[in-house]
Structure formats: structure tokens, C-alpha cells
Amino acid sequence: IQNSKIILFGCGDGMKYIMSLFDKKNIKFLIDNNSKLINTYYEKKRVYGSQIIKSLTKKDFIIISALNVKNIVQIKKQIKNINNNVNIINFSNID
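In what follows, the accompanying structure is described. All values derive from a computational prediction rather than experimental measurement.

## Description of the overall build of the chain
When its secondary structure is counted, the chain shows two helices and six strands. Order of helices (α) and strands (β) in the chain, N terminus to C terminus: β-α-β-β-β-β-α-β. Over its C-alpha atoms the chain spans a radius of gyration of 12 Å, differing by no more than 12% from the 12 Å that the globule rule assigns to 95 residues. Its C-alpha atoms give the chain principal-axis dimensions of roughly 30 × 30 × 25 Å. When the 95 residues of the chain are sorted by exposure, 42% land in the buried category. A separation threshold of at least 6 residues defines the contact pool for the chain, and within that pool the share at least 24 residues apart is 51%. By element, 48% of the accessible surface of the chain is carried by carbon and sulfur atoms, the whole surface being about 5,800 Å². Taken together, the 16 basic and 6 acidic charged side chains of the chain have centroids lying 8 Å from each other.

Following this line, the structure appears as C-alpha cells:
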């Protein structure tokens, strides 16, 4: 996915670490469930709510940046319920 456009789901510490691994121009935007973060920016990347997932395609990769396994499972289920065609990668699979 190094040369693909990616989306990060979750704006916590995991997201900050993942952003340090990728060229920021390859990160399309961020997604978070926290309504206080929606429509804000982090490192010039806009934060959207989860409904933006409806507009994604098979070419898009969402990296779940949650550190907690329970949260990862919950977010993965949420993404699949909104759009089953998008590619999902867990934070723990990145190295």
C-alpha cells in the first residue's frame, strides 16, 4: 500500500505513529467517531465522520489505527457495515 492512497481510522496515538511511516501526500484524510474531532484537521488532513466510508472504493485502503484489540474489532465491523468493498488493514499488521 506504500504507493496507494490511504485513509486512517482513529485519531489517537496509533494514528500519529502511522502518519510518521507514510509519505503524508499518500494519506487522503482521517476518520474518527469522536464528534469533537470531525471537521478538524491534523497535519493538514481533514477528519471526517464514518459516513464518508460510503463513498470509498475497492482502490481505497483504511488503516485502523486503534491500539486496543476490542476497538479494532468494533471499528472493522463498523466499516464493513457501511461499505464492504473497502480494504481494511489493522495497525498491528504494519511494520
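Now that the structure has been shown, we can carry on.
## Focus on the environment of lysine 45
Summarising the element assignment, lysine 45 is placed in strand β4 (residues 45–48). Classification of lysine 45 by relative accessible area gives buried; the value is 14%. The spacing of lysine 45 and asparagine 68 is 23 residues in sequence and 23 Å in space, taken between C-alpha atoms. What lysine 45 contacts, discounting residues up to four positions off in sequence, is Met19, Lys24, Lys25, Ile27, Lys28, Leu30 and Thr40. Polar contacts involving the side chain of lysine 45 include one to the main-chain carbonyl oxygen of lysine 24, which spans 2.9 Å.

## What to know about the pattern of salt bridges
Scanning all chains against the criterion turns up three salt bridges. For glutamate 43, the salt bridge is made with lysine 24, and the minimal N-O distance between the two is 3.5 Å. In this pair, glutamate 43 is assigned in the loop between β3 (41–42) and β4 and lysine 24 in the loop between α1 (13–21) and β2 (27–31), connecting sequence segments 19 residues apart. Accessibility expressed as a relative area gives 42% for glutamate 43, which makes it partly exposed. Classification of lysine 24 as partly exposed rests on a relative accessible area of 30%.

## Regarding unusual backbone geometry
For asparagine 39, which is not glycine, the phi torsion reads 70° and is therefore positive. Secondary-structure assignment places asparagine 39 in the loop between β2 and β3. Judged by relative accessible area, asparagine 39 falls into the partly exposed class, the value being 47%.

Cut-offs applied
Residues numbered from 1 in each chain as written. Predicted model: local features only at pLDDT ≥ 70, side-chain atom pairs only at ≥ 80, totals over all residues. Heavy atoms only, no water. Helix = DSSP H or I, 4+ residues; strand = E, 2+ residues; numbered from the N terminus. Rg over C-alpha atoms; globule rule 2.2 N^0.38 Å. Buried < 20%, exposed > 50% of the residue type's maximum accessible area, 1.4 Å probe, protein only. Contact = heavy atoms within 4.5 Å. Areas by Shrake-Rupley, 256 points an atom, 1.4 Å probe, with all protein chains shown as cover. Lys, Arg positive; Asp, Glu negative; His and termini not counted. Charge placed at Lys NZ, Arg CZ, Asp CG, Glu CD. Polar contact = N/O pair within 3.5 Å; in protein donor to acceptor, adjacent residues only side chain to side chain. Salt bridge = Lys/Arg side-chain N within 4 Å of Asp/Glu carboxyl O.

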